[in-house]
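# Coordinate inspection notes
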Amino acid sequence: MIDVILGLQWGDEGKGKIVDYFAKEYDLIARFQGGPNAGHTLYVNNQKVVLHQIPSGVFHSGVINLIGNGVVLDPVTLKKEAEKVAAFGIDLKKNLFISDRTHLILPTHRALDKASEISKGNQKIGSTLKGIAPAYMDKTGRNGLRVGDLLDKNFTTAYIKLRLKHQRLLDNFNFQEDISSWEEEFFEALEFLKELNIVHGEYFINNYLKEGKKVLAEGAQGSMLDIDFGTFPYVTSSNTISAGVCSGLGIAPQQIRDVIGVTKAYCTRVGSGPFPTELETETGEKLRKIGNEFGATTGRPRRCGWIDLVALQYACMINGVTKLVMTKSDVLDTFKELEVCTSYKVNGKETNEIPFHMDRQKPEPVYQQFAGWDTSIDAAGSFTDLPAKMREYVSFINKYLGVDIHYISNGPGRDQIIKIK
Ligand code: GDP
Ligand code: IMO
Ligand code: MG
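So, here's what we can say about the structure. (Residues numbered from 1 in each chain as written. Chains lettered and ligands numbered in written order. Predicted model: local features only at pLDDT ≥ 70, side-chain atom pairs only at ≥ 80, totals over all residues. Heavy atoms only, no water.)

### What to know about helix α7 (residues 180-194)
- Compared with the 21 Å implied by 1.5 Å per residue over 15 residues, the 21 Å span of α7 between its first and last C-alpha is a close match.
- The set of residues buried in α7 consists of Trp182, Glu183, Phe186, Ala189, Leu190 and Leu193. Buried residues along α7 cover an arc of 125° about the axis, so they all sit on one side. (Helix = DSSP H or I, 4+ residues; strand = E, 2+ residues; numbered from the N terminus. Expected span 1.5 Å × (residues − 1). Buried < 20%, exposed > 50% of the residue type's maximum accessible area, 1.4 Å probe, protein only. Arc of directions from axis to C-beta.)

### Here's the deal with the site of ligand 2
- Surrounding ligand 2, one finds 21 residues, the nearest of these being Lys15, His40, Thr128, Gln221 and Thr236.
- Take glycine 39: an N or O atom from its main chain is 2.9 Å from an oxygen atom of ligand 2.
- Between an oxygen atom of ligand 2 and a main-chain N or O atom of glycine 126, the distance comes to 3.3 Å.
- In isolation ligand 2 exposes 550 Å². Once the protein is present, 98% of that is buried. (Near = heavy atom within 4 Å. Polar contact = N/O pair within 3.5 Å; in protein donor to acceptor, adjacent residues only side chain to side chain. Areas by Shrake-Rupley, 256 points an atom, 1.4 Å probe, with all protein chains shown as cover.)

### Remarks on the coordination of the magnesium ion (ligand 3)
- Protein ligation of the magnesium ion (ligand 3) involves Asp12 (OD) and Gly39 (O), the donor distances falling in the range 2.1 to 2.2 Å. Of this pair, aspartate 12 sits in the loop between β1 (2-7) and α1 (15-22) while glycine 39 sits in the loop between β2 (28-31) and β3 (40-44), placing them 27 residues apart in sequence. Each member of the pair, aspartate 12 together with glycine 39, is buried. (Donors = N, O, S within 2.8 Å, 3.2 Å for Na, K, Ca; no water.)

### Quick look at the environment of tyrosine 136
- Topologically, tyrosine 136 is positioned in helix α5 (residues 132-140).
- Taking relative accessible area as the criterion, tyrosine 136 reaches 8% and is therefore assigned buried.
- Measuring from C-alpha to C-alpha, the distance between tyrosine 136 and glutamine 368 comes to 40 Å, with 232 residues separating the pair along the chain.
- When sequence neighbours within four positions are dropped, the list of residues in contact with tyrosine 136 reads Gln33, Gly34, Gly70, Val71, Val72, Ser237 and Ser238. (Contact = heavy atoms within 4.5 Å.)

### With respect to the packing of aromatic side chains
- In this structure the tally under the stated criterion is 16 aromatic pairs.
- Ring geometry for tryptophan 10 versus phenylalanine 275: centroids 5.4 Å apart, planes at 50°, classification tilted. You can see tryptophan 10 sitting in the loop between β1 and α1 and its partner phenylalanine 275 sitting in the loop between β12 (267-269) and α10 (282-291), a full 265 residues away along the chain.
- With a relative accessible area of 7%, phenylalanine 275 lands in the buried category.
- Feature note: the residues Phe370, Trp373, Tyr393, Phe396 and Tyr400 constitute an aromatic cluster, connected by ring pairs.
- Above the plane of the ring of tyrosine 26 lies lysine 214, whose end atom (NZ or CZ) is 5.1 Å from the centre. (Phe/Tyr/Trp six-rings, centres within 6.5 Å; stacked < 30°, edge-to-face > 60°. Lys NZ or Arg CZ within 6 Å of the ring centre and 35° of its normal.)

### A few points about unusual backbone geometry
- Here phenylalanine 232 and proline 233 are connected by a cis peptide whose omega angle stands at 5°.
- Mapped onto the secondary structure, proline 233 falls in the loop between β10 (215-218) and α9 (243-249).
- The phi torsion at glutamine 221 lies on the positive side, around 55°, for a residue other than glycine.
- On the secondary structure map, glutamine 221 appears in the loop between β10 and α9.
- For glutamine 221, a relative accessible area of 9% translates into the label buried.
- In this model, asparagine 292 sits at a positive phi of 50°, which is unusual for a non-glycine residue.
- Relative to the helices and strands, asparagine 292 is located in the loop between α10 and β13 (303-305).

### Section: the pattern of salt bridges
- With the rule as written, the count across this model stands at 22 salt bridges.
- Between lysine 323 and aspartate 258 there is a salt bridge, and its shortest N-O distance comes to 3.3 Å. Within this pair, whereas lysine 323 is found in strand β15 (residues 323-327), its partner aspartate 258 is found in strand β11 (residues 256-264), the two being separated by 65 residues in sequence.
- Assessed through its relative accessible area of 13%, aspartate 258 is described here as buried.
- Lysine 421 is the salt-bridge partner of aspartate 404, the closest N and O atoms lying 2.8 Å from each other. Of this pair, aspartate 404 sits in the loop between α13 (388-401) and β19 (405-409) while lysine 421 sits in the segment after β20 (417-419); the two residues are 17 residues apart in sequence, bridging distant segments of the chain.
- Of the residues examined, aspartate 404 reaches a relative accessible area of 27% and is grouped as partly exposed. (Salt bridge = Lys/Arg side-chain N within 4 Å of Asp/Glu carboxyl O.)

### Considering the site of ligand 1
- Neighbouring ligand 1 are 19 residues; Gly14, Lys15, Thr41, Asp330 and Ser409 lie closest to it.
- Aspartate 12 is positioned with one of its side-chain polar atoms (N or O) 2.9 Å from an oxygen atom of ligand 1.
- Separating an oxygen atom of ligand 1 from a backbone N or O atom of glutamate 13 is a distance of 3.1 Å.
- Expressed as a share of its isolated accessible area of 590 Å², the protein-covered part of ligand 1 is 94%.
- Elements with a contribution of two residues or more to the shell around ligand 1: α1 and β3.
- Two domains share the shell around ligand 1, each providing at least three of its residues, namely domain 1 (2-101 + 198-260) and domain 3 (262-419). (Domains from an automatic or database assignment.)

So, in structure tokens, the structure goes:
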């Protein structure tokens, strides 16, 4: 049986914290897509840790972690992260397994990401510059190198061949930066990677399932950044939605039980692209300040706005969400008034659907106003303990989406979460 935790907005919904919270109930935590563009923040012994490549179950003894074939892996980031978790006494040789089919991010992928963004000028995607799109392009273009290739004696020859191809592309972009130091650390990190547990991920995970063990799949990015259903072209290069779990781990759809969708009580986006409920006002600034909305991977300020139920309903539909978790509710604690986007206006017409091309069609949000609860909910232990105004906000969202919020997270800490259903 597999449960899935994934983001329903434009990323940074607090997936890392929620995965860490639930991890102890599972035997295996598996990342199925994305790469070091992800930044998942956890608090361990009151210390902040940001994970980019390693699944967020890593701090629980007895829980095994898997990097699935759908992920793109930067060995350099992995090595740095291994050192970071080692300070907490975590030895990845014991609790991390990596699929041999996982594609590698090469230094030239990072260079190509940068060169491509520069060439786009003011139409840039706002990529994290971690080499994600070039690595997935080499996967679908059938050129990429995989973790299992490291064990082949011809790896260096294959690397040089691909690097030459990349160099020609970089020359086309007129990219001049010297990346020799990137290559040096890459080859060092490959030696480290080879020492870890490299497995046939699909057999590994299916054996767990056969033995009746519980698996949790951890999403990265968010549904509105999905390559097919997100705000294309301002998206990432993988399927971030629940469908990606099957292809990104090698499991059958019948194995999936709950799809737990994580949403903030408001909404943020980092990088370029349409964001209908964005508030470029003092209210947006207040959300950013109280919510400490700065990217966990790049440090960029996140764009902030009200919760968008049109986009959330779309994400619930595409993912088959069975339970919702609402994070960062505490950020709204001091707001006297709240707004909730209930439909869009496109060319003067009201709609509840996501337009084909948000950037061109520029939907205008239609809002419903709510009174803020204007108090902290630290002491609440159940739905009935919540202030009436918050119950109203939650019930409205549940009804609109046809899926219930089961947990409310009210702070970044490990235990700052309330079960309300
Ligand atoms: P992820 O990428 O979905 O794992 O989310 P990030 O870690 O990038 O961003 C979420 C940020 O919000 C992190 O700084 C978390 O520590 C923080 N956070 C998570 N849940 C809550 C919450 O309920 N309240 C507050 N105030 N912060 C939270
Ligand atoms: P987590 O897992 C928020 C955004 C980038 C950019 C676009 C493409 O922490 O939620 P990419 O580097 O993938 O080519 O960038 O996607 N993006 C994220 N935004 N959270 C993330 O991950 C993101 N990963 C990528 O800002 O707009
Ligand atoms: Mg993040």
